Amino acid sequence: MGTVLRLLKTVEGLRYWLGNQSGSVGLVPTMGALHQGHLSLIRRARCDNDIVVVSIFVNPLQFGPNEDLAAYPRTLDSDAKLCEAAGVDCIFAPSALDFYGPNFNDASALVKVIPPPALVQQLCGKFRPGHFDGVATVVTKLISLVCPQRSYFGQKDGQQLAIIRQLVRDLNLPGAVIGCPIVRETDGLALSSRNQYLDGQERQQAVILYRGLRRAEQEFKAGMRSQHSLVRIDLDYLETAPAVAPQYVELVNPYTLAPLEKVETVGMLAVAAFVGTTRLIDNVVLRARRPIIAIDGPAGAGKSTVARQLAHRLGLLYLDTGAMYRAFTWYVLSQGCDPEDEVSVADLLPKCDIKLVATPSDNGPQHSDVWVNATLVTQAIRTSEVTANVSTIAAQSSVREALVKQQMQYGLAGGVVADGRDIGTHVFPDAELKIFLNASVEERARRRQRDLASRSQSVPELTELTKAISERDYKDSTRKISPLRQADDAIEVVTDSLTIESVLAKLLALYEENVVSDEKS
Ligand code: AMP
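Values in this document were obtained by computation on a predicted structure and should not be read as measured data.

1. Thoughts on the overall build of the protein chain
Each helix and strand in the protein chain was counted, giving 20 helices and 17 strands. With the C-alpha coordinates of the protein chain rotated into their principal frame, the extents come out at 75 × 55 × 45 Å. Scored against the burial criterion, the 521 residues of the protein chain give a buried share of 51%. Relative to all contacts within the protein chain whose residues are 6 or more apart in sequence, the contacts with residues 24 or more apart total 72%. With the model as given, the accessible surface of the protein chain reaches about 24200 Å², and the carbon-plus-sulfur share is 52%. When the 55 basic and 60 acidic side-chain charges of the protein chain are each reduced to a single mean position, those positions are 1 Å apart.

Shown next, in the form of structure tokens:
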């Protein structure tokens, strides 16, 4: 981690600086006038990466001729203080001339990146022609320049996020795109650098954007699904504030942005409105999928036993992520590929389709059948050859990224219980229930002793095991790829002196309290 915040203003300076850094890089692109929304992205980037680069650039290409380019707040000094306090390593704040060259004032003379019409013909794209060409162009330039492992964008700009996800996929840009939740004022208004344009009365009325969405969300939870009704509720609400002039209220798929007639699994209800002369946007993502339960925690806390049984009790799929890594390891070996050869391993990833199929059983927890392409590998992934190679394979970042994507696919339909180190923080940040299953180091050491004894293996001293477990905890929580971290909204359950049955009873009660009663409200 760097120690001193560098403020760099040229492409050359940034390139040179990056060339002297080592470790993973997180990029947070912004237009400055930083607020807590930006800072939530920065904090997330700080947690996930060795190096954090924040770009501050009011991008002329994304402003229309009658928009607020000249008036947009520019507060580099105070932004730099906030970045420094948040542990940012580098601010990249070029001038338009430095970043785009001498044609910076003439968009028609520049090479641009143009998102497909299907992504821009609705929502803001309809009212801001050329805006997303400007966004796609600046983001492509920034990601190509910085080559981050991860770049961070807010759900606040839902259309932008969807476009950037596809942009990074289509152009094979490096790194993962991480979407972060909307940060709001205490009354619900989404934070925005443009909120400072509002006068007192407008500020009061602006909150109606959120209230309308919230009202529609409540009706959605009560069973309302149709686009017509959800949009109507929001519009009716907006009409109650005289200073607010809606530009659009639309229901779309948050990933493809396709307009929806009704929400089958997931929808984004998005709004743009003028409050006085200030244009504000907001959205809410409505999920009609079955719940997801994420169970994270340190090694030896009993996660997989508990997760499997909980899934059985609730009739959900146990997403056995360990089995997925084993399945891919089996595939690598079956192709005669050397597990240490990271390039060849990465090359096999797109060819390996893993499916977990829950098999209900009358007398105990379900087991999952595991398929790789058309082969049933449930037994084959438990051989000692797979066991001996699975950690080598699972430690490779390309494998992690690909399998996390597959896990996220299961999340689209919901109805899963998953356990791991980063399920609640990274794989399923929208999980309805997040549990951090914990136990003291001593307790885990005692459990390990009992476990070894029951398998007639030699049992080390308690102090030796305690030391080994503490070291493992440290490694797990500081490693670069998916470090162990308790999500802010996870509930900690300490299992010292609890039987599996009583842990399960606790989790079932938490499910009842946090998921079932929430669905009813
Ligand atoms: P901007 O400076 O407005 O271009 O925003 C830079 C990044 O911060 C974008 O990815 C935005 O989506 C994100 N962002 C802005 N406001 C918020 C907010 N209230 N909550 C979360 N992210 C936000």
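There's more to say after this.
2. A few points about the site of the ligand
The environment of the ligand is formed by 17 residues, the closest being Met31, Gly154, Asp157, Val183 and Leu191. Contact between the ligand and Asp157: an oxygen atom at 2.6 Å from a side-chain N or O atom of the residue. Contact with the protein chains covers 93% of the free accessible surface of the ligand, which is 480 Å². Every element with two or more residues in the shell around the ligand is listed here: strand E2 (25-30), helix H2 (36-48) and strand E5 (150-154). Among the elements that make up the shell around the ligand, the one with the highest residue count is H2 (three residues).

3. What to know about the nonpolar core
Counting 45 residues, the largest nonpolar core has Leu14, Val53, Phe99, Val139, Ile164 and Leu257 as its most contacted members. Of all the elements, helix H7 (residues 131-146) adds the most residues to this core, at nine residues. Setting aside anything within four residues of it in sequence, one finds Val53 in contact with Trp17, Leu18, Val25, Gly26, Leu27, Val28, Cys90 and Val146. Leu356, Ala394, Val404 and Val416 belong to the second largest nonpolar core, which has 37 residues in total.

4. Details of the sheet that holds strand E11 (residues 317-319)
Sheet architecture is open: five strands sit in the order E11-E15-E10-E16-E17, paired in parallel fashion. Edge strands, defined here as strands with exactly one partner in the open sheet, are E11 and strand E17 (491-494). With strand direction ignored, the average angle separating the axes of adjacent strands in the sheet is 25°. For strand E16 (residues 433-438) and E17, the ladder comprises four bridges, and the chain directions are parallel. Bridging from a neighbouring strand, Asn438 pairs with Val494 of E17. Helix-sheet contacts for helix H16 (residues 397-413) involve strand E10 (290-296), E11 and strand E15 (414-420), and the interaxial angle to E15 is about 145°.

5. Re the packing of H7 against helix H8 (residues 158-170)
Between H7 and H8, the least distance of the axes is 10 Å, while the angle of their chain directions is 50°. With respect to their mutual orientation, H7 and H8 come out oblique. Taken as a pair, H7 and H8 cross one another with a handedness that is right-handed. Only Gln159, Gln160, Ile163, Ile164, Leu167 and Val168 of H8 make contact with H7, whose side of the interface consists of Phe132, Val135, Ala136, Val139, Thr140 and Ile143. Grouping the constituent residues of the contact of H7 with H8 by class yields nine nonpolar, three polar and no charged.

6. Quick look at helix H3 (residues 76-85)
Each α-helix turn comprises 3.6 residues. Residues three or four places apart therefore point the same way. What H3 keeps buried is the set Asp79, Ala80 and Cys83. Projection of H3 onto a plane perpendicular to its axis shows the buried side chains occupying an angular sector of 100°, all on one side. Turned more than 90 degrees away from the buried face of H3, the exposed residues are Asp77, Lys81, Glu84 and Ala85. Looking at the packing, one finds that the buried side of H3 touches H2, strand E3 (51-56) and strand E4 (90-92). Note on H3: the residue one or two positions beyond its end, Gly87, has a positive phi of about 80°.

7. Quick notes on H8
With 13 residues, H8 should reach 18 Å at 1.5 Å per residue; the first-to-last C-alpha distance of 18 Å fits that figure. Considered for burial, the residues of H8 that qualify are Gly158, Gln159, Gln160, Leu161, Ala162, Ile163, Ile164, Leu167 and Val168. Of the residues trailing H8, Asn172 is marked for its positive phi of about 50°.

Analysis parameters
Residues numbered from 1 in each chain as written. Predicted model: local features only at pLDDT ≥ 70, side-chain atom pairs only at ≥ 80, totals over all residues. Heavy atoms only, no water. Helix = DSSP H or I, 4+ residues; strand = E, 2+ residues; numbered from the N terminus. Buried < 20%, exposed > 50% of the residue type's maximum accessible area, 1.4 Å probe, protein only. Contact = heavy atoms within 4.5 Å. Areas by Shrake-Rupley, 256 points an atom, 1.4 Å probe, with all protein chains shown as cover. Lys, Arg positive; Asp, Glu negative; His and termini not counted. Charge placed at Lys NZ, Arg CZ, Asp CG, Glu CD. Near = heavy atom within 4 Å. Polar contact = N/O pair within 3.5 Å; in protein donor to acceptor, adjacent residues only side chain to side chain. Core = buried A, V, L, I, M, F, W, Y, C linked by side-chain atoms within 4.5 Å. Pairing = 2+ DSSP bridges. Axes fitted to C-alpha atoms, helices over the stretch in contact; angles between N-to-C directions. Parallel < 35°, antiparallel > 145°, perpendicular 65-115°, else oblique. Left-handed = near helix turned anticlockwise from the far one by under 90°. Nonpolar A, V, L, I, M, F, W, Y, C, P; charged D, E, K, R; others polar. Arc of directions from axis to C-beta. Expected span 1.5 Å × (residues − 1).

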